[in-house]
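Coordinate analysis (summary)
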Amino acid sequence: MSVPYKYFYDFHIPVGDDWGRFEKVSKRIPEHGEIVISSFPRSGTTLLQHIIFLLLRGGKPADHISEVLEAIPFPEQDGFLDGVQPLAIKSHLPFRLIPFSNDIRYVYIARNPKDVCVSYYHFLKDLPGYSIKSFDEFYEAFLSGELPYGDILDHNLEWYEASSKYSNIFFITYESLVKKKEEVVKDLA
């Protein structure tokens, strides 16, 4: 069983997404000092996005969610806002498709694949373009990597190996963030 996807080079992306947006993200020259937040979907990216937003603003919360989304956009889904320099960007691309620079920082969050599978199923099952009949079918697609964003273990491993090679990649897990919030936030800061 496969959950519908299309290809962006050798990578699976959601069927309804704009190939051109993925192209812009993968070819974009990063700005000095920029931060890239990445993960496999449903791994804690949005939680991390909000933590980094607070850290970059000295703990000052947003007045509205739109502030966070403008400051840390998800350009694969929404594109970039013209004339707005983001504080950071959010992505679900694997390491090989993200432009790399020693002048920027990357934060990758991984999560237990069992939890990701359940969350991803509930996220996708009712979206237009997906006709997921049962969790069992989705589970088979998840195990085989035949769904948008591909195989979670490949995605995580690619970023983990890069974090072992480059000191400007901070690799964390959702579980450590939840269990040791203070310690992880200090490390991020």
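- Naming follows an unreviewed UniProt entry, where the protein chain appears as Sulfotransferase domain-containing protein of Larinioides sclopetarius.
- Under the Sequence similarities (unreviewed entry) heading, UniProt states for the protein chain: "Belongs to the sulfotransferase 1 family."

1. Overview of the side chain of T45
- Along the chain, T45 turns up in helix α2 (residues 45–56).
- Using a relative accessible area of 4% as the deciding quantity, one classes T45 as buried.

2. Quick word on empty space enclosed by the protein
- All told, the structure shown has two cavities of 30 Å³ or more when counted by the stated rule.
- Lining the largest cavity, in full, are V25, R28, P30, E34, V36, I89, I98, P99 and I104.
- In terms of residue class, the lining of the largest cavity is made up of seven nonpolar, no polar and two charged.
- For the second largest cavity, the calculated volume is near 40 Å³.
- If you trace the second largest cavity, you find it lined by E70, P73, F80, L81, V84 and P86.
- Residue composition of the lining of the second largest cavity, grouped by class: five nonpolar, no polar and one charged.

3. A look at the packing of helix α5 (residues 113–124) against helix α6 (residues 135–144)
- Close contact between α5 and α6 brings their axes to 10 Å; oriented N to C, the two are set at 125°. Comparing their axes, α6 and α5 come out oblique. Taken as a pair, α5 and α6 cross one another with a handedness that is right-handed. Each of P113, V116, C117, V118, Y120, Y121 and L124 in α5 lies in contact with α6, whose residues at this interface are F135, F138, Y139 and F142.
- Here the residues of the contact of α5 with α6 sort into eleven nonpolar, no polar and no charged.

4. Some points on the environment of Y174
- As for its placement among the helices and strands, Y174 is situated in helix α8 (residues 174–179).
- What Y174 contacts, discounting residues up to four positions off in sequence, is S43, G44, L47, I109, A110 and R111.

5. Observations regarding the pattern of salt bridges
- Tallied over the full model, the rule gives five salt bridges.
- For the salt bridge of E67 with R57, the shortest nitrogen-to-oxygen distance reads 3.1 Å. With E67 in helix α3 (residues 65–71) and R57 in the loop between α2 and α3, this residue pair connects regions lying ten residues apart in the sequence.
- Using a relative accessible area of 24% as the deciding quantity, one classes E67 as partly exposed.
- In this structure, E158 engages R96 in a salt bridge whose closest nitrogen and oxygen atoms are separated by 2.5 Å. Of this pair, E158 sits in helix α7 (residues 152–165) while R96 sits in the loop between β4 (89–91) and β5 (105–110); the two residues are 62 residues apart in sequence, bridging distant segments of the chain.
- Residue classification places E158 among the buried residues on the basis of a relative accessible area of 19%.
- Its relative accessible area of 41% is what places R96 among the partly exposed residues.
- Members of the salt-bridge network, linked through shared partners, are D10, R96 and E158.

About the thresholds
Along each chain, numbering runs from 1 in the same order as the chain's sequence is written. Since the coordinates come from a predicted model, pLDDT governs what is reported: local features require at least 70, and pairs of side-chain atoms require 80 or more to be given and counted, while whole-chain, interface and lining totals use all residues. With hydrogens and water stripped out, all remaining heavy atoms of the structure feed into the side-chain values. UniProt positions are given in the numbering used here, feature names are shortened, and annotations may be inferred rather than shown by experiment. Elements are defined by DSSP. Helices are runs of H or I of four residues or more, strands are runs of E of two residues or more, and each kind is numbered from the N terminus. Relative accessibility decides the category of a residue: with a 1.4 Å probe and only protein chains considered, values under 20% of the type maximum give buried, values over 50% give exposed, and everything between is partly exposed. Here a cavity is any set of points on a 1 Å grid over the protein atoms alone where a 1.4 Å probe fits but cannot get out, and a pocket is any open set with protein on both sides within 12 Å along at least 5 of 7 lines; a residue lines the site when it has an atom within 4 Å of a point. Grid points are joined across faces, edges and corners, and a volume is the space filled by probe spheres set on the points. Residue type decides the class: Asp, Glu, Lys and Arg count as charged, Ala, Val, Leu, Ile, Met, Phe, Trp, Tyr, Cys and Pro as nonpolar, and the leftover types, Gly among them, as polar. Only the stretch in contact is used when a helix axis is fitted, and all axes are lines through C-alpha atoms; the angle between N-to-C directions ranges over 0 to 180 degrees. Should an angle lie under 35 degrees it is considered roughly parallel, over 145 roughly antiparallel, and from 65 to 115 roughly perpendicular; all remaining angles are considered oblique. Throughout, a crossing is termed right-handed when the near helix is turned clockwise from the far one, and left-handed when it is turned anticlockwise from it by less than a right angle. The contact definition used throughout considers only heavy atoms, calling two residues in contact when any of these lie within 4.5 Å. Every case where a carboxyl oxygen of Asp or Glu lies within 4 Å of a side-chain nitrogen of Lys or Arg is listed as a salt bridge.

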